[in-house]
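Chain by chain, the residues:
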Amino acid sequence: MLKISQDIIDEIITHGRSEAPLEACGYLAEKDGVVCKSITMKNIDASPVHYSMDPAQQFAAIRGCRAEGLTIRAVYHSHPETAAYPSDEDIRLAYDPALSYVIVSLAESSPSIHSFIIRNDTVFPERINIIGAKK
């Protein structure tokens, strides 16, 4: 289960909308089992159908998280025009089975967000527990 604050969900959606029609991407960091920080990354592919994170930004994010006592928990990205489910490319590029892969779909007027564990090219849905959810 991915525990995440509503504020972070809102940040992910805002980032996705700001980059549309391109895919947005980033990391989610946690402390004490709860995602408490989103780290936006540049999609160096500048594509509406796939993303690649800037390696220099990735290393800086990992160093920064370590300095803050945080752990990278998930990779997130947006799907501007498709459902919040991993594409074939997302599955192929999911290198770290210890991470969650969070996708926000902006295809409908109301965004949807889902999390997945991807191991050996198999996709497992992961429950998201939103902490401090809006009423």
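This text follows the structure it describes.
Please read all numbers here as calculations on a predicted model, not as lab measurements.

Colleague: Outline the environment of alanine 46, listing residues and values.
Modeller: Checked against the element boundaries, alanine 46 lands in the loop between strand 3 (34–41) and helix 2 (55–68). Spatially, the C-alpha atom of alanine 46 lies 6.1 Å from that of leucine 22, the residues being 24 residues apart in sequence.

Colleague: Before we move on, could you go through helix 2 and cite the residues and values that matter?
Modeller: Here helix 2 contains 14 residues, and its C-alpha end-to-end distance of 20 Å stays within 8% of the 20 Å for a straight helix at 1.5 Å per residue. Put simply, aspartate 54 is the residue that caps the front of helix 2, since its side-chain oxygen is 2.8 Å from the backbone nitrogen of alanine 56. Following helix 2 by one or two positions, glycine 69 has its phi on the positive side, about 75°.

Colleague: Can you explain unusual backbone geometry? Please cite residues and give values.
Modeller: Here the amide bond leading from alanine 20 into proline 21 is cis, since omega sits at 15°, within 30 degrees of zero. Of note, alanine 46 is a non-glycine position whose phi angle comes to about 45°, a positive value. Here the phi dihedral of asparagine 120 falls at roughly 50°; this positive angle occurs in a residue that is not glycine. Tracing the chain through its elements places asparagine 120 in the loop between strand 6 (112–119) and strand 7 (122–126). Look at asparagine 120 and you get exposed, because its relative accessible area is 76%.

Colleague: How would you explain helix 1 (residues 6–19) if you had to name every residue and give the values?
Modeller: With 14 residues, helix 1 should reach 20 Å at 1.5 Å per residue; the first-to-last C-alpha distance of 20 Å fits that figure. All of the buried residues along helix 1 are Gln6, Ile8, Ile9, Ile12, Ile13, His15 and Gly16.

Colleague: Quick one: what's the story with the nonpolar core, residue by residue and with numbers?
Modeller: Tyr27, Ile39, Met41, Met53, Val75 and Ile118 are the most contacted members of the largest nonpolar core, which totals 21 residues. For this core, the secondary structure elements donating two or more residues are strand 2 (25–31), strand 3, helix 2, strand 4 (71–79), strand 5 (100–105) and strand 6. Look past the residues within four positions of isoleucine 118 in its chain and what remains in contact with it is Pro86, Asp90, Ile91, Ala94, Pro97, Tyr101 and Val123. By size, the runner-up hydrophobic cluster in this structure holds 14 residues, among which are Leu2, Val102, Val104 and Ile113.

Colleague: So what's going on with the pattern of salt bridges? Which residues, and what values?
Modeller: Inspection of the entire model under this criterion finds four salt bridges. Note that arginine 73 is salt-bridged to glutamate 30, the shortest N-O span being 3.4 Å. Taken together, the residues arginine 73 in strand 4 and glutamate 30 in strand 2 connect sequence positions 43 residues apart. On the accessibility criterion, arginine 73 (15% relative accessible area) is buried. Note that glutamate 126 is salt-bridged to arginine 73, the shortest N-O span being 3.1 Å. Here glutamate 126 is found in strand 7, whereas its partner arginine 73 is found in strand 4, with 53 residues between them in sequence.

Colleague: Describe in detail the side chain of serine 47, supporting the description with residues and values.
Modeller: Summarising the element assignment, serine 47 is placed in the loop between strand 3 and helix 2. There is a polar contact of 3.3 Å between the side chain of serine 47 and the backbone nitrogen of histidine 50. Apart from residues no more than four positions distant in its own chain, serine 47 is found in contact with Leu22 and Glu23.

Procedures and definitions
Residues numbered from 1 in each chain as written. Predicted model: local features only at pLDDT ≥ 70, side-chain atom pairs only at ≥ 80, totals over all residues. Heavy atoms only, no water. Helix = DSSP H or I, 4+ residues; strand = E, 2+ residues; numbered from the N terminus. Expected span 1.5 Å × (residues − 1). Polar contact = N/O pair within 3.5 Å; in protein donor to acceptor, adjacent residues only side chain to side chain. Buried < 20%, exposed > 50% of the residue type's maximum accessible area, 1.4 Å probe, protein only. Core = buried A, V, L, I, M, F, W, Y, C linked by side-chain atoms within 4.5 Å. Contact = heavy atoms within 4.5 Å. Salt bridge = Lys/Arg side-chain N within 4 Å of Asp/Glu carboxyl O.

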